[in-house]
Amino acid sequence: MSKLKNIDGKPLRTIEDMNVSPKKQRGRPKGSKKIASAVLVQESETSKVYAEPKAAEIDIPQAQEVIFKANPGPQEDFLASNEQEVLFGGAAGGGKSYAMIADPVRFFNNPLGKGLLVRRSTEELRELVQVSKALYPKAVPGIRFSERDKTWFAPSGASLWLSYLDREDDLTRYQGQAWNWIGFDELTQWPNSAAWNYMRSRLRSADPALSENLHMRATTNPGGVGHHWVKKTFIDPAPANTTFDALGEDGDVMRFPAGHSKRPNEVLFQRRFIPANLFDNPYLAEDGAYEANLLSLPEAQRRRLLDGDWSVSEGAAFTEFDPKIHVVAPFDIPHSWPKFRACDYGYGSMTAVLWIAVAPSDQLVVYRELYINKTTASDLAPIVLDLEKDETIRYGVLDSSLWHNRGDTGPSLAEQMIMRGCRWRPSDRSKGSRIAGKNELHRRLQVDEFTGEPNLVFFNTCRSIISDIPALPLDKRNVEDVDTTSAIDHGYDALRYGLMTRPKSSLFDFDPNDTSNHYNAADTTFGY
């Protein structure tokens, strides 16, 4: 006989089970609570629970192809990339948004898979939701969307949340949560790296298979309020489509501590920038209509959106700087070329040292750079000397303020370096010298009409100064100068000090009426 059960499924207790005689059971003590009646259910075959069948696995490559038929090249590279952090994009029309919708499908077969895809605002998020609704049901049979949560649920149980992240206050919405895939669409719309860095702390999974394949993905065009930090994070450290070790805010490779128990000194993770342009998307480029629209834009916008040019910045002081013209591959500099160095020193901020060679044509070649911080002047001297130990350096020019005694009675910072054998001369910091230095840089960036060469070039190994120059903003109160509050002007100041020791001269700079050099021009028109 089957045992009877009460309403919560437990076996019903009988009088014998309670070891109480029937007589005593008839009455109930005064003040005792009334025993609730139980509903008896008899055990049957229908009470058994059967396991649900496992959801059929998705053909990931086929699903991604339905969403976004990747063309050979950048689009395929993005979907196949395995680096932890990848930026995809550059020019407009490269298929970035569709690629971002297709990429998280890679984990949809794992029931523990969790993804998060964010835009800056709810209005921009709405567009992403509409695109996903048009594509996911066609690519992933059985996938469903929760309108309330803005979340996609794959048949396996994996999920993808579409959300927004406008202000830094919004970061608290994601506190305590975890995802194995996090995507930022249009990354340069975030003004700084705070959101990107914080969300990296949410990138984790308890599933071993997922924890070995954690991904942060981003798409964007050049420009926008976050142009500089995105460029510094993904574009400047290495050539395009090259895997590189992730750098920290100080510019050094991020590693595990030397004393780490399992991974001492190992690189934390790697990054990659995969550029794409309109012509990587033949479906959009074929008829030329969209290309015509981009060609009609003002030069700065056209260079960003059509060419994917990261060297163009909003309100930039040196819009003529062009990496295709002013950046060259390193070459062996002849011993006969004079060499000198220039330095802008800082301890808490950055110290920038540039080494410059002078070609016979008077072209200046910036062939080496040193960016370092939290280094004393006396410690900087041997670092500089070691880098140039096999060279003959004619002179060095240093910020003249380093000769000032700042409340101490010992040698100045400049004298400390000179005492260690690293000799310098003071820079020109007289009134008007900043504007004169800026004008000199403009002249040096010009292309010589006779030789077809610019008067100033940089080795492509000098990645910091190459990054800084096009991003330098104009001073809003004085458009003749750069913004002196910019955190990226240290390399510029060092370059300016160096340029002013060798100003570009021309026959047409000569004033035939000026006799201060004791030379009287025979012809006041032509200067000879």
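Please refer to the structure placed before this passage.
Bear in mind the structure is a predicted one, so any value in this text is a computation, not a measurement.

This part covers the overall build of the protein. Each helix and strand counted, the protein has 18 helices and 20 strands in total. The buried share among the 528 residues of the protein stands at 44%. Relative to all contacts within the protein whose residues are 6 or more apart in sequence, the contacts with residues 24 or more apart total 67%. Surface summary for the protein: the accessible area is close to 28,800 Å², and the carbon and sulfur share equals 52%.

Next up on the list: the packing of aromatic side chains. One pass over the full model with this rule turns up 17 aromatic pairs. For the pair F321 and F458, a centre-to-centre distance of 6.1 Å together with 70 degrees between the ring planes defines the contact as edge-to-face. Highlighted residues: F321 in the loop between α12 (299–305) and α13 (323–326) and F458 in strand β18 (residues 456–459), separated in sequence by 137 residues. Of the residues examined, F321 reaches a relative accessible area of 1% and is grouped as buried. Within the aromatic cluster, the residues linked to one another by ring pairs are F107, F108, Y136, F145 and W152. If you follow R341 out to its NZ or CZ, it ends over the ring of W424, 4.4 Å from the centre.

Here we come to the sheet that holds strand β12 (residues 327–328). Pairing is mixed in the open sheet, where seven strands are placed in the order β12-β18-β15-β14-β13-β16-β17. Because the sheet does not close on itself, it has two edges, and the strands there are β12 and β17 (425–426). Strand direction decides the pairing type here: strand β14 (residues 350–358) and strand β15 (residues 364–373), joined by nine bridges, are antiparallel. From the neighbouring strand, I356 faces β15, where its bridge partner is V366.

We now examine the side chain of T151. With respect to the element layout, T151 can be found in strand β6 (residues 151–153). Looking at T151, the relative accessible area reads 8%, which means it is buried. Among the polar contacts listed, one links the side chain of T151 to the backbone oxygen of D149, at a separation of 3.0 Å. Ignoring sequence-local partners within four residues, the contact set of T151 consists of R144, F145, S146, S159, L160 and W161.

Among the six residues of strand β4 (residues 114–119), five are classified as buried, and the element is accordingly described as predominantly covered. Direction of pairing for β4 relative to strand β7 (residues 159–164): parallel, over a ladder of six bridges. Note that in β7 the partner of K114 across the bridge is S159.

Most of strand β13 (residues 339–344) sits out of view: six of its six residues are buried. Residue alternation in β13 divides its side chains into two sets, K339, R341 and C343 and F340, A342 and D344, and both sets are buried. Of the pairings in the sheet, the one linking β13 to β14 comprises six bridges and is antiparallel in character. Bridge pairing in β14 places C343 opposite V353. As consecutive antiparallel partners, β13 and β14 are separated by five residues. For β13 and strand β16 (residues 395–398), the ladder comprises four bridges, and the chain directions are parallel. Counterpart to C343 in the pairing with β16 is L398.

On inspection of all chains with the given rule, the structure shows 23 salt bridges. A salt bridge links E147 to K133; the nearest nitrogen and oxygen atoms lie 2.3 Å apart. Remark: K133 occurs in helix α6 (residues 122–139) and E147 occurs in the loop between β5 (144–146) and β6; sequence separation between them is 14 residues. Accessibility expressed as a relative area gives 29% for K133, which makes it partly exposed.

Okay, helix α16 (residues 433–445) next. For α16, built from 13 residues, the straight-helix expectation of 18 Å at 1.5 Å per residue is met to within 8% by its first-to-last C-alpha distance of 18 Å. Every buried residue belonging to α16 is among S433, G437, K438, E440, L441, H442, R444 and L445, and all of these are buried. If you follow the buried residues of α16, they end up packed against α13, β15, β18, β19 (474–475), β20 (478–482) and α18 (490–499).

Here we take up the environment of G248. Along the chain, the position of G248 falls in the loop between β10 (244–245) and β11 (270–276). Counting along the chain gives 15 residues from G248 to T233, while the straight-line C-alpha distance between them is 8.5 Å.

Overall, mixed pairing links the nine strands, which are arranged β5-β6-β7-β4-β8-β9-β3-β11-β10 in an open sheet. Lying at the two open borders of the sheet, with one neighbouring strand each, are β5 and β10. α6 rests against β4, β5, β6, β7 and β8 (181–185) of the sheet, and its axis sits at about 155 degrees to β7.

A few words on the nonpolar core. By size, the foremost hydrophobic cluster in this structure holds 53 residues, and its most contacted members are F318, M417, F458 and L495. It is β14 that contributes the most residues to this core, seven residues altogether.

Reading the values: rules and limits
- Once a new chain begins, its residue numbering starts again from 1 and follows that chain's sequence as written.
- Note on the predicted model: pLDDT of at least 70 is required for a residue's local features to be given, and 80 or more for side-chain atom pairs to be given and counted; whole-chain, interface and lining totals, by contrast, use all residues.
- The basis for every side-chain value is the complete set of heavy atoms in the structure, and neither hydrogens nor water enter the calculation.
- Strands here are runs of E lasting at least two residues and helices are runs of H or I lasting at least four, both read from the DSSP assignment and numbered beginning at the N terminus.
- Exposure is judged per residue with a 1.4 Å probe applied to protein chains only, and the accessible area is read against the type maximum: over 50% gives exposed, under 20% gives buried, and values in between give partly exposed.
- Throughout, a residue-residue contact means that at least one pair of heavy atoms, one from each residue, lies within 4.5 Å.
- Each accessible area is a Shrake-Rupley result for a 1.4 Å probe, and residues are judged covered by the shown protein chains and nothing else.
- We call Phe, Tyr and Trp rings a pair once their centres come within 6.5 Å, taking the six-membered ring for Trp, and we label the pair stacked below 30 degrees between planes, edge-to-face above 60, and tilted otherwise.
- Two thresholds decide whether a charge sits over a ring: the Lys NZ or Arg CZ must be within 6 Å of the ring centre and within 35 degrees of the ring normal.
- Here, strands pair whenever DSSP counts at least two bridges between them.
- Contacts described as polar in this section are N or O atom pairs within 3.5 Å, which, within protein, must combine one atom able to donate a hydrogen with one able to accept it, while residues neighboring in sequence count only if both atoms come from side chains.
- Here, a salt bridge means any side-chain nitrogen of Lys or Arg that lies within 4 Å of a carboxyl oxygen of Asp or Glu.
- One less than the residue count of a helix, multiplied by 1.5 Å, gives the span that helix is expected to have.
- Lines are fitted to the C-alpha atoms to define the axes, a helix being fitted only along its stretch in contact, and any angle between axes, read from their N-to-C directions, falls within 0 to 180 degrees.
- Grouping buried Ala, Val, Leu, Ile, Met, Phe, Trp, Tyr and Cys residues that are joined through side-chain atoms within 4.5 Å yields what is termed a nonpolar core.

Functional significance is not addressed by these values, which are geometric in nature.
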